[in-house]
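Listed here are the chains, written in short residue letters.
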Amino acid sequence: MSWLFLFVSVVGFAFTANAFLPTNNRMLLVPTFFASWMTIELAGHHLVWQFLATLLFIYLGALDAWPGWVALGLTFLSWIGLWILVIRGRRAAVTVRGAMEELVDDPDGAPRVPRRHVWVPFLFRRPEARVIKNVVYRRVGGRTLKLDVYLPRHAAADAKMRPAIMQIHGGGWVIGDKREQGIPLLGHLAANGWVGFNVNYRLSPAATFPEHLIDLKAALVWIRAHADDYGIDPDFIAVTGGSAGGHLTALMALTMNDPEYQPGFEDADTSVQAAVPFYGVYDFTDRLKTQTKGFLNLFIEPYVMKAYLADEPEKFAKASPIDRVCADAPPFFVLHGDRDTLAPLEDARLFVERLRATSTQPVVYAELRGAQHAFDIFVSPRTAPVIEGVERFLDGVHHDWLRGLEGAAEGAVTEGSIVADGSAGEDVDRALTKRAAS
């Protein structure tokens, strides 16, 4: 029993140590990622099972021999590490608050900050969203592409036009589904009056970039065309996504209305009013040499791009959000974990640096200490305050946009743009009332 206790303790200690020092070695990348991810975001759960297992081993006499005492020492060290992970997760609210200090929520200058709340009730409270699943938005290349719609549960009683958000799942451009990512965020936003669209798109290797992006732009056009069906304002649609979805989110925001990525619907409006990429991939050229060895030549080149970087560097640069930064980019909220082993942190920092130097809109960056890739897949002590922070950011951008709309209308009135019978003024009032969100 003592040796069994030692074995279990070594395994538990290894999981905890890997959470602090995950490797990006190509051979161990996938298993160490999953181990660190599950340990970091479920640190409290690990504490509970290790504590119960320890009590059981002690009851069964594991401390009767020296291996049991060694095991107990390792277990105590593991508990200390897990508790540190829990604290780091809960401090995500402080990180998000600090990232948004530069923004203001009202003309008086009150800081726009996330509300801190206990995350456990967030898990168990009654869902405030109703979901319409598997709505077809496009048929292309022998594929039927679908999306899920997340509506406020009581949306039918509210005639106001709501802001919308489009969620793009990750999965390395080759796997993934709308059912697997963005669910906590969409549910929380729906509870706060937003309408969410969780979108599927063609995947590689069957699809070749930029077909992924083209599908998503087609989805955006479809959403705008069906704005009245879901009670949304077609003039305010945000976009979000994680990992490959973060990459595509950034490109959606930086290639707005670019006819190259809109074949057959070149004149359609594909603008977005805000972008929130989670742990995105921002560089397909590996200029900082931060990618895992083999990422480009063994994966991106043969499966996603179906081209060689050495032969077509411009094609890879055009697929890199770092190279698509522009002055007319919408407001950005970039989130990344400092323990991410799949999407390089240094690339995210460079992307934010270039975006801040170029864009005329706010660029908020939250670097979450101790967070791995995919930290938002399920609700944890970290994810809950991050989600609420994203909601506050989007709500602030939306209200800023509404104030700009009001200012434009007032300017039009001042410049004498109202016709003699005053009907234009009535149109402005109706438009502002219709767009006002809850």
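Just above, that's the structure.
None of these values were measured; they are calculated from a predicted model.

Parameters and conventions
- Residues numbered from 1 in each chain as written.
- Predicted model: local features only at pLDDT ≥ 70, side-chain atom pairs only at ≥ 80, totals over all residues.
- Heavy atoms only, no water.
- Helix = DSSP H or I, 4+ residues; strand = E, 2+ residues; numbered from the N terminus.
- Buried < 20%, exposed > 50% of the residue type's maximum accessible area, 1.4 Å probe, protein only.
- Contact = heavy atoms within 4.5 Å.
- Expected span 1.5 Å × (residues − 1).
- Arc of directions from axis to C-beta.
- Pairing = 2+ DSSP bridges.
- Axes fitted to C-alpha atoms, helices over the stretch in contact; angles between N-to-C directions.
- Phe/Tyr/Trp six-rings, centres within 6.5 Å; stacked < 30°, edge-to-face > 60°.
- Patch = residues over 30% accessible without salt bridge, like charges linked within 9 Å, V, L, I, M, F, W, Y side chains within 5 Å.
- Areas by Shrake-Rupley, 256 points an atom, 1.4 Å probe, with all protein chains shown as cover.
- Salt bridge = Lys/Arg side-chain N within 4 Å of Asp/Glu carboxyl O.
- Lys, Arg positive; Asp, Glu negative; His and termini not counted.

Participant: Hey, could you go over the environment of G370 for me, with residue numbers and the actual values?
Facilitator: Structurally, G370 can be placed in the loop between β8 (363-368) and α14 (383-414). Under the relative-accessibility criterion, G370 is labelled buried at 3%. Along the backbone, G370 and V86 are 284 residues apart, and their C-alpha atoms lie at a distance of 9.7 Å. Other than its neighbours up to four places away in sequence, G370 contacts I40, R88, D338, R339 and R382.

Participant: Can you explain helix α10 (residues 244-254)? Please cite residues and give values.
Facilitator: Taking burial as the measure, the 11 residues of α10 include 11 buried ones, the bulk of the element. Here α10 has its buried residues at A244, G245, G246, H247, L248, T249, A250, L251, M252, A253 and L254.

Participant: Explain unusual backbone geometry to me, and be specific about the residues and the numbers.
Facilitator: Cis geometry marks the peptide bond from S204 to P205; its omega dihedral reads 5°. Within the element layout of this structure, P205 appears in the loop between β4 (195-199) and α8 (211-225). Residues F209 and P210 are joined by a peptide bond in cis, for which omega reads 15°. The phi torsion at N257 lies on the positive side, around 60°, for a residue other than glycine. Mapped onto the elements of the fold, N257 is located in the loop between α10 and β6 (274-278). A positive phi angle, close to 50°, is found at K306, a residue other than glycine. Considering the arrangement of structural elements, one finds K306 in the loop between α11 (296-305) and α12 (313-318).

Participant: Explain helix α3 (residues 43-59) to me, using residue names and the numbers behind them.
Facilitator: Its 17 residues give α3 an end-to-end C-alpha distance of 24 Å, which sits within 8% of 24 Å, the value for a rise of 1.5 Å per residue. Of the positions making up α3, those classed as buried are A43, H46, L47, Q50, A53, T54 and F57. Taken around the axis of α3, the buried residues stretch over an arc of 140°, which confines them to a single face. In α3, the exposed residues that point more than 90 degrees away from the buried face are L52 and Y59. On the buried face of α3, the contacting elements are α1 (2-20), α2 (29-41) and α4 (66-90).

Participant: Which residues make up the pairing of strand β1 (residues 129-140), and what values go with them?
Facilitator: The sheet contact formed by β1 and strand β2 (residues 143-152) spans nine bridges and is antiparallel. Bridging across to β2, V136 finds its partner in K146. Adjacent in sequence and paired antiparallel, β1 and β2 are bridged by two residues, among which G141 carries a positive phi angle near 55°.

Participant: Account for the sheet that holds β6, naming residues and giving values.
Facilitator: Pairing is mixed across the open sheet formed by eight strands, whose spatial order is β1-β2-β4-β3-β5-β6-β7-β8. Each end of this open sheet is capped by a strand with a single partner; those strands are β1 and β8. The average undirected angle you get between the axes of adjacent strands in this sheet is 20°. Contacts between helix α7 (residues 183-191) and the sheet are confined to β1, β2, β3 (162-168), β4, β5 (232-242) and β6, with β2 contributing the most and set at about 45° to the helix. Those strands touched by α8 are β1, β2, β3, β4 and β5, and its axis lies near 120° from that of β1.

Participant: Describe the packing of aromatic side chains, naming the residues involved and giving the relevant values.
Facilitator: Per the stated rule, a full pass over the model turns up 23 aromatic pairs. Plain terms: the ring middles of F5 and F57 are 4.9 Å apart, the flat faces sit at 25° to each other, and that makes the pair stacked. Remark: F57 occurs in helix α3 and F5 occurs in helix α1; sequence separation between them is 52 residues. A residue is classified by how much of its surface remains accessible, and F57, at 11% relative accessible area, is buried. Taking the centre distance of 5.9 Å and the plane angle of 50° together, the rings of F51 and W79 count as tilted.

Participant: Can you break down a nonpolar patch on the surface residue by residue, with the values?
Facilitator: Together, M1, L4, F7, V11, F15, L56, Y59 and L60 make up an exposed nonpolar region whose accessible area comes to about 820 Å². Among the elements of the structure, α1 and α3 are those that each provide at least two residues to the nonpolar patch. Broken down by element, the residue count for the nonpolar patch peaks at four residues, all from α1. For Y59, the location among the structural elements is in helix α3. Take Y59: its relative accessible area is 71%, and that puts it in the exposed class.

Participant: Before we move on, could you go through the pattern of salt bridges and cite the residues and values that matter?
Facilitator: A full pass over the atoms with the stated rule returns 14 salt bridges. The salt bridge partner of R202 is D215, with a shortest N-O separation of 2.8 Å. Of this pair, R202 sits in the loop between β4 and α8 while D215 sits in helix α8, and the two are 13 residues apart along the sequence. Between R339 and D338 there is a salt bridge whose closest N-O contact spans 3.6 Å. The network of salt bridges with shared partners includes D283, R287, D323 and R354.

Participant: So what about the side chain of R88? Which residues, and what values?
Facilitator: Counting through the fold element by element, R88 comes out in helix α4. Nearest to the buried, unbridged R88 among oppositely charged side chains is D338, at 5.9 Å. Apart from residues no more than four positions distant in its own chain, R88 is found in contact with F20, R339, R369, G370 and R382.

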